[in-house]
Amino acid sequence: PTGASTAQAAVGPSHLVFGIQFAGGSPPPPIPSTIYSYRMRSNGTLKLNGSVTTPNPGGLFLGEVVHPTQAILYAALPADSQIAVYTFSVATGLMTLQTTVANPGQLPCWLAINAAGTRLYSAESATNSITVYDLTNPLLPVQLQHITLKTTMSGSSVTNMRFDPTGNFLYAISNQTNESSLHVFNVASDGTLTENLNPIAVPVPAGNYPMGLATLMK
């Protein structure tokens, strides 16, 4: 919608794309935070399948990630400190809420999942922390670990996360008022994280804050 503040897009199976409208939109009153389901046509354009609003009225969506092997989408609810779990139909793209689970941090905004689909990771901006969830039951994430990032300054806020292609390391970006950092976590066999290295300063101009993150195999 016109004036909407969009957040993230996640690609699913069979050319499905899930896009988040974080907030806003016109005409007033503001349109609720929404996840839209689209099917990508052969010419690259998108056909709308349907949409869902937040489970809690007045809530917000921000981060999302699709399960690598099952028709499940996880969405962060930062204002409620929860993670929402949705199933979707591969045939129609329509989404169905299954449950919400509590998050121990504040403002869970960014999500990542390992290649096996056995661990879900949530980055909480207000507490500069990451929570690891066990996905033995992928429809009911269970908290496994809650870890605070190393910081060189107060007021650090973690944003995006990405695995390296081997799955042995998880990278995260954090921002303070005058400094941005890249964090490197070792991923144990059980999916838990250890930050053995000191954060690496990201040389960006003053007043700029990196948010996105991508990895590739060289």
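What you see is a predicted model; the values in this text were computed from it and never measured.

(A) Main features of the pairing of strand S1 (residues 4-11). The pairing of S1 with strand S2 (residues 16-24) spans 6 bridges and is classified as antiparallel. Of the residues in S2, the one forming a bridge with Ala4 is Gly24.

(B) Focus on the packing of aromatic side chains. Here the structure, examined in full by the defined rule, presents 4 aromatic pairs. Look at Phe18 and Phe88: their rings are 4.9 Å apart centre to centre, the planes differ by 55°, and that puts the pair in the tilted class. In this pair, Phe18 is assigned in strand S2 and Phe88 in strand S7 (residues 82-88), connecting sequence segments 70 residues apart. For the pair shown, Phe18 and Phe88 are each scored as buried.

(C) Fine view of the sheet that holds strand S12 (residues 142-148). As summarised here, the arrangement of the 4 strands in space is S9-S10-S11-S12, forming an open sheet in which the pairing is antiparallel. The open sheet has two free edges, formed respectively by strand S9 (108-113) and S12, since each of these has just one partner strand. Adjacent strand axes in the sheet meet at a mean angle of 20°, parallel and antiparallel pairs treated alike. Examined bridge by bridge, strand S11 (residues 129-134) and S12 share 6 bridges and lie antiparallel to one another. Bridge pairing in S12 places Asp134 opposite Val142.

(D) Quick peek at the layout of surface pockets. Of the pockets and cavities examined, the largest pocket occupies roughly 560 Å³. The wall of the largest pocket is formed by 32 residues, among which Val65, Ala112, Ile113, Asn114 and Phe163 lie closest to the centre.

(E) View of the pairing of strand S15 (residues 180-187). Among the 8 residues in S15, 6 count as buried, and that is most of the element. As judged from the 7 bridges shared by strand S14 (residues 169-175) and S15, these two strands associate in the antiparallel manner. Paired with Leu170 across the bridge in S15 is Phe185. Counted along the chain from S14 to the antiparallel partner S15, the turn is 4 residues long. Sheet topology note: the S15/strand S17 (residues 200-201) ladder contains 2 bridges and is antiparallel. Across the sheet, residue Ser181 finds its bridge partner in S17, namely Ala201. Pairing between S15 and strand S16 (residues 193-194): 2 bridges, direction antiparallel. Of the residues in S16, the one forming a bridge with Asn186 is Thr194. Two successive antiparallel strands, S15 and S16, enclose a turn made up of 5 residues, where Gly191 displays a positive phi of approximately 90°.

(F) Highlighting the pattern of salt bridges. One pass over the full model with this rule turns up 1 salt bridge. In this structure, Arg119 engages Asp134 in a salt bridge whose closest nitrogen and oxygen atoms are separated by 3.1 Å. Of the two residues, Arg119 is situated in strand S10 (residues 119-124) and Asp134 in strand S11; the sequence distance between them amounts to 15 residues. Using a relative accessible area of 14% as the deciding quantity, one classes Arg119 as buried.

(G) The environment of Thr87, seen in detail. Locating Thr87 in the fold gives a position in strand S7. For Thr87, the contacting residues outside a window of four places in its chain are Ala71, Ile72, Leu94, Met95, Thr96, Gln98 and Leu139. One polar contact links Thr87 to Gln98, side chain to side chain, over a distance of 2.8 Å.

(H) The arrangement of the environment of Leu73 in detail. Mapped onto the elements of the fold, Leu73 is located in strand S6 (residues 72-77). Using a relative accessible area of 0% as the deciding quantity, one classes Leu73 as buried. Separated by 108 residues in sequence, Leu73 and Ser181 have C-alpha atoms that sit 29 Å apart.

(I) Quick look at the environment of Thr194. Within the fold, Thr194 resides in strand S16. Thr194 sits 25 residues away from Phe169 along the chain, and the two C-alpha atoms are 9.5 Å apart. Non-local contacts of Thr194, meaning those with residues more than four positions away in its chain, are made with Val184, Phe185 and Asn186.

Criteria and cut-off values
Residues numbered from 1 in each chain as written. Predicted model: local features only at pLDDT ≥ 70, side-chain atom pairs only at ≥ 80, totals over all residues. Heavy atoms only, no water. Pairing = 2+ DSSP bridges. Helix = DSSP H or I, 4+ residues; strand = E, 2+ residues; numbered from the N terminus. Phe/Tyr/Trp six-rings, centres within 6.5 Å; stacked < 30°, edge-to-face > 60°. Buried < 20%, exposed > 50% of the residue type's maximum accessible area, 1.4 Å probe, protein only. Axes fitted to C-alpha atoms, helices over the stretch in contact; angles between N-to-C directions. 1 Å grid on protein atoms, 1.4 Å probe; cavity = no way out; pocket = protein on both sides within 12 Å on 5 of 7 lines; lining within 4 Å. Points joined across faces, edges and corners; volume = space filled by probe spheres on them. Salt bridge = Lys/Arg side-chain N within 4 Å of Asp/Glu carboxyl O. Contact = heavy atoms within 4.5 Å. Polar contact = N/O pair within 3.5 Å; in protein donor to acceptor, adjacent residues only side chain to side chain.

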